[in-house]
Amino acid sequence: MTQTTRRRFLQSGAATMAGASALAAPSIVRAQDATVLKVQSAWTASNIFQEMAQQYAERVEAMSGGRLRIDLLPAGAVVQAFQLQDAVADGVLDGGHHVTAYWYGKNKAASLFGTGPVFGTDAAQMLAWIHFGGGKELYRELIEDILGLDLVGFFAMPMPTQPLGWFKKQITSLEDMQGLKYRTVGLATDIMNGIGMSVTQLPGGEIVPALERGVIEAFEFNNPTADKQFGAQDVSKYYMLASYHQAAEFFEIIFNKSLFDSLSGEQQAILEYAAEAASTANYGLAMDRYSADLASLRDESGVNIYRTPNSIMDAQLDSWDTVLEDLTKDEYFNRVVESQKAWSDRVGYYILQNQADYKMAYDHYFPNKLTF
């Protein structure tokens, strides 16, 4: 290589390095100038749902290369759990992580986007309805056109069927539930009232204090992990699994719409699609922890685990029929229900006709473990 050629090579290399530095510089600046959103959940700091909300926050930051971050706060940090929607709509908070049942008092159709009727499809199939069956558009209509709220929302985590809950004795018949003071939320309150219970709506963090004060005698929250974290096993030894009162639910992740609209298209896409990514992470965490904690409740805490009798579940379906007969007189509510029924008719037929009998396989490899 001649001296002239060498000089040209070095000059070219220096120019290339300078160009690369110039290209790299904006990302460093953007990382330093990250957009930070203040988001509160409806969950206490120790609740597994807060871990799931954190999984969403982590994916937002990772997908944005650190340029978009979520400052995640637990329930009560700014407002109480049932006040979360108003705080986000009013701009007190940038976002929230909760469930639609927490604001169904404004419009009972809210519960259809979480704790709705069971037409033969599970939470994963109903989350698919939200994305591909018209649910997303119906949700936007409720939020913006009917309630007039400055909000945009996304859904994540197809929750497994929620247990019937914790009782002071084994529930063997519908008569055992008559008059019991019971905690649940959303349309499930109407369903359980309809089978003879006395229902109170409470956020998760207030359940154990209400039990201790005698405000409630039995409760459901969501899953074995959260129930164990509440200390349910210290006040009850009877855990009833399976129910139609909340057989499918999802997280609702909301943002102030004016704020959301002010973000770049890239940032908006990250907030939306991080919910889909978190959905997979949330479900994986749930399968690991829920199953391990159910075994711990049984083997270490002496909890008696039973499956809810079919007679009670039949009564729940009858109660759903009664509740829907009245609520579907509302035009919007009826449209949502009819959309869900049409989806469930088609999707449920495919799934139920095609799906393998997993109970048969489980019994084959782990005989005499199931109690039904």
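Below: a short report on this structure.

Criteria and thresholds
Residues numbered from 1 in each chain as written. Predicted model: local features only at pLDDT ≥ 70, side-chain atom pairs only at ≥ 80, totals over all residues. Heavy atoms only, no water. Pairing = 2+ DSSP bridges. Helix = DSSP H or I, 4+ residues; strand = E, 2+ residues; numbered from the N terminus. Axes fitted to C-alpha atoms, helices over the stretch in contact; angles between N-to-C directions. Contact = heavy atoms within 4.5 Å. Parallel < 35°, antiparallel > 145°, perpendicular 65-115°, else oblique. Left-handed = near helix turned anticlockwise from the far one by under 90°. Nonpolar A, V, L, I, M, F, W, Y, C, P; charged D, E, K, R; others polar.

**Looking at the sheet that holds strand S2 (residues 68-73)**
Pairing within the open sheet is mixed, and its 5 strands lie in the order S2-S1-S3-S10-S4. On the outer flanks of this sheet lie S2 and strand S4 (151-159), each paired with one strand and no other. Going across the sheet, the axis of each strand differs from the next one's by a mean of 25 degrees, ignoring polarity. Here strand S1 (residues 35-41) pairs with strand S3 (residues 95-98) via 3 bridges, running parallel. Considered in S3, the bridge of Gln40 is made with Gly96. Contacts from helix H2 (residues 48-63) reach S1, S2, S3, S4 and strand S10 (249-256) within the one sheet, and its direction differs from that of S2 by about 165 degrees. Contacts between helix H5 (residues 135-146) and the sheet are confined to S4 and S10, with S4 contributing the most and set at about 140 degrees to the helix.

**Topic: the packing of H2 against helix H10 (residues 265-299)**
Where H2 contacts H10, the axes come no closer than 8 Å and their chain directions differ by 140 degrees. What the angle tells us is that H2 and H10 run oblique. Note on packing geometry: the crossing formed by H2 with H10 is right-handed. Considering only residue class, the contact of H2 with H10 consists of 17 nonpolar, 2 polar and 3 charged.

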